[in-house]
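If you want the building blocks of each chain, they are given just below.
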Amino acid sequence: MSAQWLPAWSREEGAERVRRQFSATFHDDGELGPVPGTADGVWSAPGRVNIIGEHTDYNAGLCLPTALPHRTYIALEKRADDVVRLASAQADEPWTARLSDVRPGEAEGWGAYVAGVAWALREAGYPVTGFDAVVDSCVPFGASLSSSAALGCAFAIALSDVFDLGLGDDDAGRTVLVAAARRAENEIAGAPTGGLDQSAALLCAPGQALLLDFRPGLDAQEFAQHVPFDLAAAGLTLLVIDSRAPHQLVDGQYAERRAACEAAAAHLGVDSLRRITTDGLDDALARLAPHDADGTLRRRTRHVVTETARTAELAQLVRGGLGADGVPDEAAVAQAGALMNASHASLRDDYEVTVRETDLAVDASLAGGAVGARMTGGGFGGSTIALVRLGDVERVAEHVAAAFAEAGLTAPAFLTAPPSAAAGRDA
Ligand code: GLA
């Protein structure tokens, strides 16, 4: 049994692909007739893994993502009118619309994630017109690794550049782009997601994890803190396992989890579950009981409150270099693994967003020697991550692949995930 690996393209390869595809798709109408078009530039944005802090973003909680080396690339040329024309190596059909026709409830298909970003920037008062663009991506699609945010955020950074909005230069500007990409996803594409994915795609940095604090009213620096994350120094790496179980957020389950959290917060008289601390958890659960015959609101609340506490604890361990005074030690590494395992158990038992494939990937990772493992992203399928000693990567992957084969499941795919760069210009 050999494990199937999904390598990332180099930035040069990704850029070359979309540059070529742009010339083959769009033509410049010069006096000498149609000649292959040249884009204004090439941009890209990464997928992400979330180390810990799941289903906390829309509860004003903490998350700890890193950017993947796997990116979505676009070549784009601005237009003077308000037409958007898109083609993608991953889509059979091109997508065309007038920006003036894009509004909530009116845009359909994958182009909604793109045109929605232009719509949101215009809504925020930025002068954006139409554009022609092509897309190609090595971010696994539908694997809870944020392929949709990578798409939207590649366009967010490109539109900022070509329309001279100046929003790509620092975290404060990028936070404006995060808001636009998130509005596009929520209001135009109709996915009620919480902001983790867009923040990761636009704010992460190589070699760093990003500690996000979703309490309202924080400035860009308080919202997103960069934490050096040198796993190799601790003899570790992060293995990502795409379980290949279909993952879909635009269905009712994600929205249903959000609604349960909002209902619990309303019963408790707080604006978000972030207000409940682990010390106050038992009291909060007792106060929910009269409104919660089947225990659902209490299970959801317990996950959210304990998950933000685990995220703070893991972020602290990462800040300390998984050891004392920056020197990694076994106790800190084991504690990091235990926090990941507890996160998965909470998502499985209390939040109920894992599936057979992601539970198996986690169990088989641990049985194969991983230090810790958990699902990552929204759940209901998608990917898991495992914290693995450098020498054990192949062994853990083989173990997971064998467990899936034995269970008669589609073979999983594997990625390595060194913390990589945020959205930016490639050429
Ligand atoms: C999806 C959403 C995010 C976040 C995660 C769960 O990835 O897009 O906003 O809620 O699920 O942590």
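Residues numbered from 1 in each chain as written. Predicted model: local features only at pLDDT ≥ 70, side-chain atom pairs only at ≥ 80, totals over all residues. Heavy atoms only, no water.

K.L.:
How should the site of the ligand be read in this particular structure?
P.N.:
Lining the immediate surroundings of the ligand are 14 residues, of which E54, H55, D57, D197 and Y254 lie closest. With respect to the ligand, the side chain of E54 contributes an N or O atom lying 2.7 Å from an oxygen atom. Within the backbone of G194, a nitrogen or oxygen atom sits 2.7 Å from an oxygen atom of the ligand. Notes on the ligand: free accessible area 310 Å², of which the protein chains cover 99%. (Near = heavy atom within 4 Å. Polar contact = N/O pair within 3.5 Å; in protein donor to acceptor, adjacent residues only side chain to side chain. Areas by Shrake-Rupley, 256 points an atom, 1.4 Å probe, with all protein chains shown as cover.)

K.L.:
How should I be thinking about the layout of surface pockets in this particular structure?
P.N.:
Empty space among the atoms becomes apparent when a probe as large as a water molecule is rolled across them. Each pocket or cavity is described by its volume, and for the second largest pocket that value is around 180 Å³. As for the second largest pocket, its lining consists of D57, Y58, A60, R182, F214, R215, P216, R258, D271, S272, R274 and R275. Along the lines of polarity and charge, the residues of the lining of the second largest pocket split into four nonpolar, one polar and seven charged. Counting only domains with at least three residues in the lining of the second largest pocket, you end up with domain 1 (8–228 + 421–425) and domain 2 (231–416). (1 Å grid on protein atoms, 1.4 Å probe; cavity = no way out; pocket = protein on both sides within 12 Å on 5 of 7 lines; lining within 4 Å. Points joined across faces, edges and corners; volume = space filled by probe spheres on them. Nonpolar A, V, L, I, M, F, W, Y, C, P; charged D, E, K, R; others polar. Domains from an automatic or database assignment.)

K.L.:
It is not clear to me how the packing of aromatic side chains should be interpreted in this structure. Could you clarify?
P.N.:
Centre-to-centre distance and the angle between the planes together describe a pair of aromatic rings. If you walk through the whole model with that rule in mind, you get six aromatic pairs. Seen in terms of ring centroids, F22 and F26 are 5.0 Å apart; in terms of plane orientation they differ by 50°. Their pairing is tilted. Assessed through its relative accessible area of 1%, F22 is described here as buried. Over the face of the ring belonging to Y351 we find R300, whose NZ or CZ atom lies 5.9 Å from the ring centre. (Phe/Tyr/Trp six-rings, centres within 6.5 Å; stacked < 30°, edge-to-face > 60°. Buried < 20%, exposed > 50% of the residue type's maximum accessible area, 1.4 Å probe, protein only. Lys NZ or Arg CZ within 6 Å of the ring centre and 35° of its normal.)

K.L.:
Whenever I open this one, the pattern of salt bridges confuses me. Can you help?
P.N.:
Pairing between side chains of opposite charge can happen when the charged atoms of each approach one another. The full count for this structure, using the stated rule, is 29 salt bridges. With a shortest N-O distance of 2.7 Å, E16 and R19 are connected by a salt bridge. Note that E16 and R19 are positioned in helix α1 (residues 11–25) at a spacing of three residues, about one turn of the helix. Under the relative-accessibility criterion, E16 is labelled partly exposed at 33%. Between R215 and D213 there is a salt bridge whose closest N-O contact spans 2.7 Å. (Salt bridge = Lys/Arg side-chain N within 4 Å of Asp/Glu carboxyl O. Helix = DSSP H or I, 4+ residues; strand = E, 2+ residues; numbered from the N terminus.)

K.L.:
Can you walk me through the sheet that holds strand β7 (residues 83–88) in this structure?
P.N.:
Taken in spatial order, the six strands make up an open sheet running β8-β7-β9-β6-β4-β18, and their pairing is mixed. The open sheet has two edge strands with one neighbour each: β8 (95–98) and β18 (424–425). Relative to strand β9 (residues 131–137), strand β6 (residues 65–78) is paired through seven bridges, and the arrangement is antiparallel. In the sheet register, T72 faces β9, and the bridge partner there is S137. (Pairing = 2+ DSSP bridges.)

K.L.:
Whenever I open this one, the environment of E222 confuses me. Can you help?
P.N.:
With respect to the helices and strands, the residue E222 is situated in helix α6 (residues 220–223). Taking the C-alpha atoms as reference points, E222 and Q335, 113 residues apart in sequence, are found 26 Å from one another. Polar side-chain contacts of E222 include one of 2.9 Å to the backbone nitrogen of D219.

K.L.:
So what exactly am I meant to see when it comes to the packing of helix α2 (residues 111–123) against helix α4 (residues 171–188) here?
P.N.:
The geometry of a pair of packed helices is captured by two quantities: the angle between their axes and the separation between those axes. Orientation of α2 relative to α4, taken along the N-to-C sense of each, is 120°, at an axis distance of 8 Å. Comparing the axis directions of α2 and α4 gives the class oblique. Every pair of crossing elements has a handedness; the one defined by α2 and α4 is right-handed. Note on element contacts: α4 touches α2 through L177, A180, A181, R183, A184, E185, E187 and I188, opposite A112, Y113, G116, V117, W119, A120, L121 and E123. In the contact of α2 with α4, the residues fall into eleven nonpolar, one polar and four charged. (Axes fitted to C-alpha atoms, helices over the stretch in contact; angles between N-to-C directions. Parallel < 35°, antiparallel > 145°, perpendicular 65-115°, else oblique. Left-handed = near helix turned anticlockwise from the far one by under 90°. Contact = heavy atoms within 4.5 Å.)

K.L.:
Help me understand the domain arrangement of the chain in this model?
P.N.:
Buried accessible area, meaning the area lost when the parts come together, often serves as the stated size of an interface. For the chain, the domain assignment lists domain 1 (8–228 + 421–425) and domain 2 (231–416). Relative placement of domain 1 and domain 2: their C-alpha centres are 26 Å apart. At the junction of the two partners, domain 1 supplies 38 residues and domain 2 supplies 42 residues. Summing the contributions of domain 1 and of domain 2, the shared interface buries around 3,100 Å²; its carbon and sulfur component is 63%. Scanning the region where domain 1 abuts domain 2 turns up two salt bridges. The interface formed by domain 1 and domain 2 holds 22 residue pairs in polar contact (both at pLDDT 80 or more) in total. (Buried area = accessible area lost by both parts, 1.4 Å probe.)

K.L.:
I tried to follow the nonpolar core on my own but got confused; where do I start?
P.N.:
Soluble globular proteins: nonpolar side chains tend toward being buried together. Residues L76, L121, F131, F155 and L159 are the most contacted members of the largest nonpolar core, which totals 58 residues. Among residues more than four places away in sequence, those in contact with L76 are F22, A39, D40, G41, W43, F131, D132, A133, F155, A158, L159 and V162. Grouped together as the second largest cluster of nonpolar side chains are 32 residues, I52, A209, L211 and L415 included. (Core = buried A, V, L, I, M, F, W, Y, C linked by side-chain atoms within 4.5 Å.)

K.L.:
Just to check I follow, could you spell out empty space enclosed by the protein for this structure?
P.N.:
A complete count under the given rule lists one cavity of 30 Å³ or more for this structure. Approximately 40 Å³ is the volume attributed to the largest cavity. At the level of elements, α9 (296–319) and α10 (330–349) are the ones that each hand at least two residues to the lining of the largest cavity. In terms of residue class, the lining of the largest cavity is built from nine nonpolar, no polar and no charged.

K.L.:
Would you explain the environment of E330 in this entry?
P.N.:
Looking at the element boundaries, E330 is found in helix α10. Between the C-alpha atom of E330 and that of A154, which follows or precedes it by 176 residues, the distance is 39 Å.

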